[in-house]
Structure formats: structure tokens, C-alpha cells
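These are the residues of each chain, in order.
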Amino acid sequence: MALRFPEFHIPFALDTNPLAEHAEEHGRQFVRRFDLVPTAEAQKHFDESLLGVLVSRACPRADRRTLELATNWMGCNLVLDDLFDETDIGEDPARLRLFCNQILSWLPATGPRADHDDSPFAQAYTELWERTCLLMSPAWRRRYAGHFGEFLDRCVWEAQNRKNGSMPKVDEYLKMRSCAFMPYIDLLELIGYWEIPPDIYETEEFAELNQALSDSVLWMNDLFSCEKEHQFGDVHNLVLVLRSARGIELQEAADLVGEMVQRRINGFATLSDEFLEQRVPEQPDPEVRSALTLHIENMRSWLRGQLHWRYETKRNEHGKIPSSRRPEISEKLRAQPR
């Protein structure tokens, strides 16, 4: 029996970037150019994911340059995520750790490396980093690479759990899950051609705003993907972790996560209102006030747009990708750690 999902209330308007069709086609061409989807099955799965549509819903104000770049980051990262979740490297934490270290070496704050290897991911991430570095400062690059590194640490943690056959505790899972969306929040600054000043970014209020958005998106993702992950035997999903911790049925766990998501959405809405009404007017520089307002609007658009996309994508359909771990795919995409 299929799960029943709640209807979420998000009090922000849905907009779509007028370049949505271009973003979708550009994103497909990018992963094919670097041979990141080396089989017909992988290409079909990628195309049906509609990642260009996702970024167009989530980033309606992006221009052509930044829409393409954000779409390419999304595509490359999600192919990487699939590699970790659905091939043999996702059960080998030592080998995955070496690969993750190699990925981070392609994202130095000083700028793109000229001496990377010729593996598909090395080439793709090096190009992405080169295009990104043209727009963002070394300080932003260090922050982004740090957030990306935390995401990779979580992937290694998942691989260790798979190897050990471990089910994470709820608190542990929430802590480890919380970092996965931060690189995408960072990309909103790229889209706005503006970097949040440290005296704003490092405040408790702004950190909570980021976390509320992150939790809303990630927990919602877990809800929509839980049936597929349950079928594939992957325990790294909030619905499945709650189901195990409380000894309840899958539907009851999904209902609890739905309630958690709506509370977090409500919290983000309140926090964003307070930031716009109280913190933004306190900024003495009118350019900062304008840019910060746009950033908050972009955060709201991401939350609203990604929900709409979840009813369009086939990314989480059952059986779209086999659950067996495929070493031949892993070897085609994975760089050989040196």
C-alpha cells in the first residue's frame, strides 16, 4: 500500500524562472559531456529527475549564467550522491573516505587546480569550481568547501553504518543529516551576486534561519523518498529511523515526520518575517538591505519551489535504479585515490 503524504502549507508564492526549459536541457548536456551518466538507465533516471526544473522553480530570479551554474552543481552533486548510495563504494568507508578527500582537493579556496586527473568527476568539479571562483571570493569558497566537506563526512558515516549494519539513533541522524543542504544555501549567494557579510552570517539569528530552511527541505526529502529507500534497504531516512526507534508502522512514522516538517516550515516563515521586519532595517547600508532582502526572498523561493518539483520528478519512483550495488558503474565514475 502506498504511503499517504500530508499537504504542506508554505506561505510563499510559486515562481518559475523563464529559462526553465533551457536549464533542463543544459543540465542534461552537462552530465553527458563529462560522462557522469554512462549508461542508458542512468541517463533516463537523470532526465526524469528534472533537476533543471527544480532549480528553475527554486531560483526564479537567477540569470542565465547563474541558473546554468546552479543546475550543474545540482546535477553533479546528485549523481555523486547516487554513486554513494547505490554502488559498492557506499559500503566501503575507507575507500569512500579517500575518494571524498580527493573531491575536496578539487575545490581549493585559491582557485581551480590545473593538475587534476582526467576522471569524470574530477573534470566536472574542476570546471564547476572554475566558473564559481570567477564570481565568489576566497572567503566564500572556503565556507562552501567546508560545508561540502561536512556533507562528504556524512556520506562516509553512512557507509560505515552500512558496513556495520547499524541503524542510527534519531538524535544522531538529525545531527548528521543537518549539514547536507548547506552547500545549496551557499549557492543562493552566487545567484544573487552578493556575499553575506560575516557580521550577519555569523549571528545566531541567521544560523537558525539557515537551519530552519535546511531541516524543512531535508526532512521533506526524506518523507518523499522513504518508500524507495525502504525498498532498497537504506536506513538513512528520518521516517525509517523514527519507525525503528518507536516500533511503529511506516505510515505512522511518515505522519510524524510530516508534522515535524510543517512545524519547521512554520518556524522558517516566522524567522524570515522577523529578519525582514527587524534585522534588515537595522542595516545602515541601503545596498546591504536590498541584497539581504533578495537573499531572504531566494530562500523562500527555494522552499516553495522544491515542494512543487517533488510532484513533478520521478526521482523517487520505486525501482527506477536497481538496489544492487554496481561496481562497474563505481569504477567508471570514481577517480583512483592517489
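Basis of the calculations
- Residues numbered from 1 in each chain as written.
- Predicted model: local features only at pLDDT ≥ 70, side-chain atom pairs only at ≥ 80, totals over all residues.
- Heavy atoms only, no water.
- Helix = DSSP H or I, 4+ residues; strand = E, 2+ residues; numbered from the N terminus.
- Rg over C-alpha atoms; globule rule 2.2 N^0.38 Å.
- Buried < 20%, exposed > 50% of the residue type's maximum accessible area, 1.4 Å probe, protein only.
- Contact = heavy atoms within 4.5 Å.
- Areas by Shrake-Rupley, 256 points an atom, 1.4 Å probe, with all protein chains shown as cover.
- Lys, Arg positive; Asp, Glu negative; His and termini not counted.
- Charge placed at Lys NZ, Arg CZ, Asp CG, Glu CD.
- 1 Å grid on protein atoms, 1.4 Å probe; cavity = no way out; pocket = protein on both sides within 12 Å on 5 of 7 lines; lining within 4 Å.
- Points joined across faces, edges and corners; volume = space filled by probe spheres on them.
- Nonpolar A, V, L, I, M, F, W, Y, C, P; charged D, E, K, R; others polar.
- Salt bridge = Lys/Arg side-chain N within 4 Å of Asp/Glu carboxyl O.
- Axes fitted to C-alpha atoms, helices over the stretch in contact; angles between N-to-C directions.
- Parallel < 35°, antiparallel > 145°, perpendicular 65-115°, else oblique.

Asker: It is not clear to me how the overall build of the chain should be interpreted in this structure. Could you clarify?
Answerer: A count of helices and strands for the chain gives 15 helices and zero strands. Taken over C-alpha atoms, the radius of gyration comes to 19 Å for the chain, in line with the 20 Å a tight globule of 338 residues would show. With respect to the three principal axes, the spread of C-alpha positions in the chain is 55 × 50 × 35 Å. Here the chain, with 338 residues, has 57% of them falling under the buried criterion. Residue pairs at least 24 apart in sequence account for 76% of intrachain contacts in the chain once pairs closer than 6 positions are excluded. Carbon and sulfur atoms make up 50% of the accessible area of the chain, which amounts to about 14400 Å² in all. Both charge centroids of the chain, one from 40 positive and one from 56 negative side chains, sit 3 Å from each other.

Asker: What exactly am I supposed to notice about the side chain of R57 here?
Answerer: Mapped onto the elements, R57 comes out in helix α3 (residues 51-58). In this structure R57 comes out as buried when scored by relative accessible area, which is 15%.

Asker: Whenever I open this one, the environment of A20 confuses me. Can you help?
Answerer: Mapped onto the fold, A20 is located in helix α1 (residues 20-33). Given a relative accessible area of 18%, A20 falls into the buried group. Taking the C-alpha atoms as reference, A20 lies 5.8 Å from V53; in sequence the two are 33 residues apart.

Asker: Looking at this structure, how should I read empty space enclosed by the protein?
Answerer: The full count for this structure, using the stated rule, is three cavities of 30 Å³ or more. The volume enclosed by the largest cavity comes to roughly 730 Å³. For the largest cavity, the lining is made up of 40 residues, of which L78, D81, R177, N221 and R315 are closest to its centre. Of all elements in the fold, only α4 (64-86), α7 (138-164), α8 (170-177), α9 (182-191), α11 (204-232) and α14 (286-310) reach the threshold of two or more residues within the lining of the largest cavity. Class assignment of the residues belonging to the lining of the largest cavity gives a composition of 18 nonpolar, seven polar and 15 charged.

Asker: How should I be thinking about the pattern of salt bridges in this particular structure?
Answerer: Opposite charge on two side chains makes pairing possible when the charged atoms of those side chains draw close. Evaluation of the coordinates by the stated rule reveals 27 salt bridges. In this structure, R95 engages D92 in a salt bridge whose closest nitrogen and oxygen atoms are separated by 3.3 Å. By relative accessible area, which is 28% here, D92 ends up partly exposed. Across the pair E205 and R279 runs a salt bridge, and its minimum N-O distance is 3.1 Å. In this pair, E205 sits in helix α11 while R279 sits in helix α13 (residues 250-279), placing the two residues 74 residues apart along the sequence. The exposure class of R279 is partly exposed, given its relative accessible area of 27%. Among the charged side chains, a salt-bridge network with shared partners connects D85, R154, E158, R162 and D234.

Asker: Would you mind going over the environment of M176 with me for this structure?
Answerer: Within the secondary structure layout, M176 lies in helix α8. Relative accessible area serves as the criterion here: at 23%, M176 is assigned to the partly exposed category. Distance from M176 to R154, taken between C-alpha atoms, is 6.0 Å for residues 22 residues apart in sequence. Sequence-distant contacts of M176, that is, excluding residues within four places in its chain, are made with R154 and W157.

Asker: Teacher, can you tell me more about the packing of α4 against helix α5 (residues 93-105) here?
Answerer: The angle between the axes and the distance between the axes are what describe a pair of packed helices. Across the interface, α4 lies against α5 with an axial gap of 12 Å and an inter-helix angle of 170°. Considering the angle they form, α4 stands roughly antiparallel to α5. Across from L80, L83 and F84 in α4, the residues of α5 making contact are L96, F99, C100 and I103. Class assignment of the residues belonging to the contact of α4 with α5 gives a composition of seven nonpolar, no polar and no charged.

Asker: Any chance you could explain the layout of surface pockets here in plain terms?
Answerer: Taking a probe equal in size to a water molecule and rolling it over the atoms shows the remaining empty space. The computed volume of the largest pocket comes to approximately 220 Å³. Lining the largest pocket are twelve residues, and of these F224, R310, T313, N316 and E317 sit closest to its centre. If one sorts the elements of the lining of the largest pocket by residue count, α11 sits on top with three residues. Within the lining of the largest pocket, the residues separate by chemical class into three nonpolar, three polar and six charged. The calculated volume of the second largest pocket comes to roughly 160 Å³. For the lining of the second largest pocket, the secondary structure elements donating two or more residues are α7 and α10 (198-201). Of the residues contributing to the lining of the second largest pocket, the split by class is five nonpolar, no polar and three charged.

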